[in-house]
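# Topology and contacts: notes
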Amino acid sequence: MVFSTVLLSIIVILPIITLIVSTVNIDTSNFRYLWNNLLLDYSLDTMYLVLITSFFSLLFGVLPAWYISTNNFTGKNIYDILLYLPLAIPAYIMAFTYSDILGYTGPLQSFARNYFPNFASFLNQDYLQIEVLGVIMALALYPYIYTACRLSFSLIGANYIDLSRSLGMSRTKTFYKIIIPLSRVSIFSGLFLVIMEVLNEYGAVKYFGVNTFTSGIFRSWYSMQDVETASLLAVFLFFVVVLFFSVERFFNSRYNFNYKPNTKKFRHENPSTSKKIFIYIISFIPVFLGFIVPLLFIIGNVIYEFERIDFYKVFNLTSNTFIVSLIASVIIVLIAVYFQFLKRIIKNKILTVFNEAISLTYALPGAVIGLSLIIMFTSFPFKSEVLIGSFIVLIYAYVMRYMAVGISPLKSSFEKHPSSYDDTAVNLGMSPIKLFKSIHLPINKSAIAIAFLITFVDIIKELPITLILRPFNFDTLAVQTYEYAIEEMIPKSSIYSLTIVMMGVILLIFLKKIVNKEIDVSGS
């Protein structure tokens, strides 16, 4: 059993090893060119974009989570769901949509020219800037932080708050002095996911002309036909990701708070009218800008293009997207469940090490994974002309990229159940298979559903891996959206964007209901 787990782990991480090895004999002139001309520019732009996106993601995510967790107001449960839904809109669709909304021919500037001509010149700016992109990406990614904070605030319970109030601390001071420090692990975990998504993003940064590592890899590979420079960039980005990953692991291990969840429920505050207005504004801004505005604009474009829509093509691409997402998600969940069950019943350090190695794959941008697989299957001893550009390699890449996403909720679920379950089953003479079917499958079914839904939603939105590895004459909704948008045909891309968003919204609503039921925060 241990051997099979180690073998599966090696299969998942082998392409990265191949990528690193492939750079060993590269001509040093490539590295000098990279160092002198590209690396500083890519590094500064990437870090600047990460900082802007992180700041606004924290702003949009933390405050609404706190106010919704601690206050009673009309529409609270609706806001709780709506604040989660921007996750259904990929960052590249958000970027395409807002570039059209803010552009010269977009509704905002057109309205200003018609009704406020003196104000129109002020709005006539170049919005394809890295600062604007950072805010737009934050609108798409803040739900990672909102979700982490919402769960953390609900698990802390009221004991800490009551204690701080008895010491004379105001609710605001309690938030900054007690709640934020207790929730820093959850906040940092959500922020880590935001940073990894920024590093992975290609469609949005390409459209805005921002020079990040991912766009640099594509430019070196496709535009300059320089695979060696692309490989060096990919390896450099890999080590940047490892650094972030190590910091996140160190931070979480250093600040590992133990508290009894929900020992006492929050006594929800009935806010004053002025505070209620403030809460509505704080909660409405990210929902309005991150979900309502882009969704209404996309729907408007779909109505405008309705007579010219090729619904057969839409159905075909939706089927392609659904099939690859379904197959990859099922494989991921099966392997993740197998890993976690073996880790629980065998308790072997080797399994723990390989689990950590697999967790690193989610932090790897799709461009790095795609390039590593291309190099692996064009090099000895794995060289295969049949596999390159095949459906199998595409699924392999999805599994490699999102394995950690599937493992995360299952790991938490398997670890929270006492080992006495297993000890009792062994004493009763249960085989491992019967132990899994009779005990672990029923008690972990919610985590299995969560793992499946999260991976499915992520794969629906995946762009870089699909662009690099898709088989000939095989496209997905994400690829078609990108190809139309990059050719400045935003209205034509809208039907594909809307399909992605609607699929994501449906799945995320199911996911939110399962999460709320699992941890009982619906009333928190």
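Here, every reference points to the structure presented above.
This text gives an overview of the structure that appears in the document. (Residues numbered from 1 in each chain as written. Predicted model: local features only at pLDDT ≥ 70, side-chain atom pairs only at ≥ 80, totals over all residues. Heavy atoms only, no water.)

Contact pair helix 8 (residues 159-166) / helix 9 (residues 171-182): the axes reach a minimum separation of 10 Å and the direction vectors enclose 135 degrees. With respect to helix 9, the element helix 8 is oriented oblique. Relative to helix 9, helix 8 is oriented so that their crossing is right-handed. Across the interface between the two elements, Tyr-160, Ile-161, Ser-164 and Arg-165 from helix 8 touch Arg-171, Thr-174, Ile-178, Ile-179 and Leu-182 from helix 9. For the contact of helix 8 with helix 9, a count of residues per class yields five nonpolar, two polar and two charged. (Axes fitted to C-alpha atoms, helices over the stretch in contact; angles between N-to-C directions. Helix = DSSP H or I, 4+ residues; strand = E, 2+ residues; numbered from the N terminus. Parallel < 35°, antiparallel > 145°, perpendicular 65-115°, else oblique. Left-handed = near helix turned anticlockwise from the far one by under 90°. Contact = heavy atoms within 4.5 Å. Nonpolar A, V, L, I, M, F, W, Y, C, P; charged D, E, K, R; others polar.)

Here we come to helix 10 (residues 184-200). Between the first and last C-alpha of helix 10 there are 24 Å, a value that for 17 residues agrees with the 24 Å anticipated at 1.5 Å per step. Those residues of helix 10 that fall on the buried side of the exposure criterion are Ile-187, Gly-190, Leu-191, Phe-192, Val-194, Ile-195, Met-196, Glu-197, Val-198, Leu-199 and Asn-200. (Expected span 1.5 Å × (residues − 1). Buried < 20%, exposed > 50% of the residue type's maximum accessible area, 1.4 Å probe, protein only.)

On to the pattern of salt bridges. Tallied over the entire structure, the rule returns six salt bridges. Residue Glu-305 is joined to Arg-308 by a salt bridge in which the shortest nitrogen-to-oxygen separation is 3.4 Å. In this structure, the salt-bridge partner of Arg-470 is Asp-475, at a minimum N-O distance of 2.8 Å. Its relative accessible area of 19% is what places Asp-475 among the buried residues. Here the salt bridges do not stand alone but share partners, grouping Asp-80, Arg-150 and Lys-512 into one network. (Salt bridge = Lys/Arg side-chain N within 4 Å of Asp/Glu carboxyl O.)

A grouping of Phe-322, Ile-323, Leu-326, Ile-327, Val-330, Ile-331, Leu-334 and Phe-391 is seen on the molecular surface, where their side chains present a nonpolar patch of about 630 Å² in accessible area. Broken down by element, the residue count for the nonpolar patch peaks at seven residues, all from helix 15 (residues 311-346). Mapped onto the elements of the fold, Leu-334 is located in helix 15. (Patch = residues over 30% accessible without salt bridge, like charges linked within 9 Å, V, L, I, M, F, W, Y side chains within 5 Å. Areas by Shrake-Rupley, 256 points an atom, 1.4 Å probe, with all protein chains shown as cover.)

We now examine the side chain of Thr-214. Along the polypeptide, Thr-214 turns up in helix 12 (residues 213-223). We classify Thr-214 as buried; its relative accessible area is 1%. Non-local contacts of Thr-214, meaning those with residues more than four positions away in its chain, are made with Leu-199, Asn-200, Glu-201, Tyr-202, Leu-237, Pro-365 and Ala-367.

A word on the environment of Ile-303. With respect to the element layout, Ile-303 can be found in helix 14 (residues 273-304). The exposure class assigned to Ile-303 is exposed, which follows from its relative accessible area of 61%. A sequence separation of 192 residues divides Ile-303 from Ile-495, and the C-alpha atoms of the two residues are 9.1 Å apart.

This paragraph deals with unusual backbone geometry. Although it is not a glycine, Asn-473 sits at a positive phi angle of roughly 65 degrees. Structurally, Asn-473 can be placed in the loop between helix 22 (464-469) and helix 23 (477-486). Classification of Asn-473 as exposed rests on a relative accessible area of 73%. One non-glycine residue, Glu-488, lies in positive phi territory at about 65 degrees. In this structure, Glu-488 sits in the loop between helix 23 and helix 24 (490-519).

Before going further, it helps to spend a moment on the environment of Phe-208. Within the fold, Phe-208 resides in helix 11 (residues 203-208). With 181 residues separating them in the primary sequence, Phe-208 and Gly-389 have C-alpha atoms 28 Å apart. Contact partners of Phe-208, with chain neighbours within four places excluded, come to Ala-95, Ser-99, Tyr-127, Leu-128, Gln-129, Val-132, Leu-133 and Ile-136.

Relative to the helices and strands, Thr-455 is located in helix 21 (residues 445-461). Thr-455 gets classed as buried once you look at its relative accessible area, which sits at 0%. Taking the C-alpha atoms as reference points, Thr-455 and Val-405, separated by 50 residues in sequence, lie 6.3 Å from one another. When near neighbours in sequence (up to four residues on either side) are disregarded, Thr-455 contacts Ser-329, Ile-332, Tyr-402, Val-405 and Gly-406.

Residues Leu-133, Ile-217, Leu-373 and Leu-469 are the most contacted members of the largest nonpolar core, which totals 164 residues. Leaving out residues up to four positions away in the same chain, Leu-373 has contacts with Pro-15, Ile-388, Val-393, Tyr-396, Ala-397 and Leu-469. Formed by five residues, the second largest nonpolar core is a distinct cluster that contains Leu-102, Ala-112, Ala-120 and Leu-123. (Core = buried A, V, L, I, M, F, W, Y, C linked by side-chain atoms within 4.5 Å.)

We now examine the packing of aromatic side chains. Tallied over the entire structure, the rule returns 28 aromatic pairs. Residues Tyr-92 and Phe-96 carry aromatic rings whose centres are separated by 6.1 Å and whose planes lie at 55 degrees to one another, so their mutual orientation is tilted. Residue Tyr-92 and its partner Phe-96 are located together in helix 4 (residues 91-102), separated by four residues, close to a single helical turn. This pair shows no difference in class: Tyr-92 is buried, exactly as Phe-96 is. With centroids separated by 3.8 Å and ring planes inclined at 20 degrees, the aromatic side chains of Tyr-202 and Phe-218 adopt a geometry described as stacked. Of the two residues, Tyr-202 sits in the loop between helix 10 and helix 11 while Phe-218 sits in helix 12, which places them 16 residues apart along the sequence. Like Phe-218, Tyr-202 is buried. Each member of the aromatic cluster is reached from another via a ring pair, and the members are Phe-55, Phe-56, Phe-60 and Tyr-142. It is Arg-113 that lies over the ring of Tyr-104; its NZ or CZ is 4.0 Å from the centre. The ring of Tyr-84 has Lys-512 sitting right over it, with the charged end atom 5.2 Å from the ring centre. (Phe/Tyr/Trp six-rings, centres within 6.5 Å; stacked < 30°, edge-to-face > 60°. Lys NZ or Arg CZ within 6 Å of the ring centre and 35° of its normal.)

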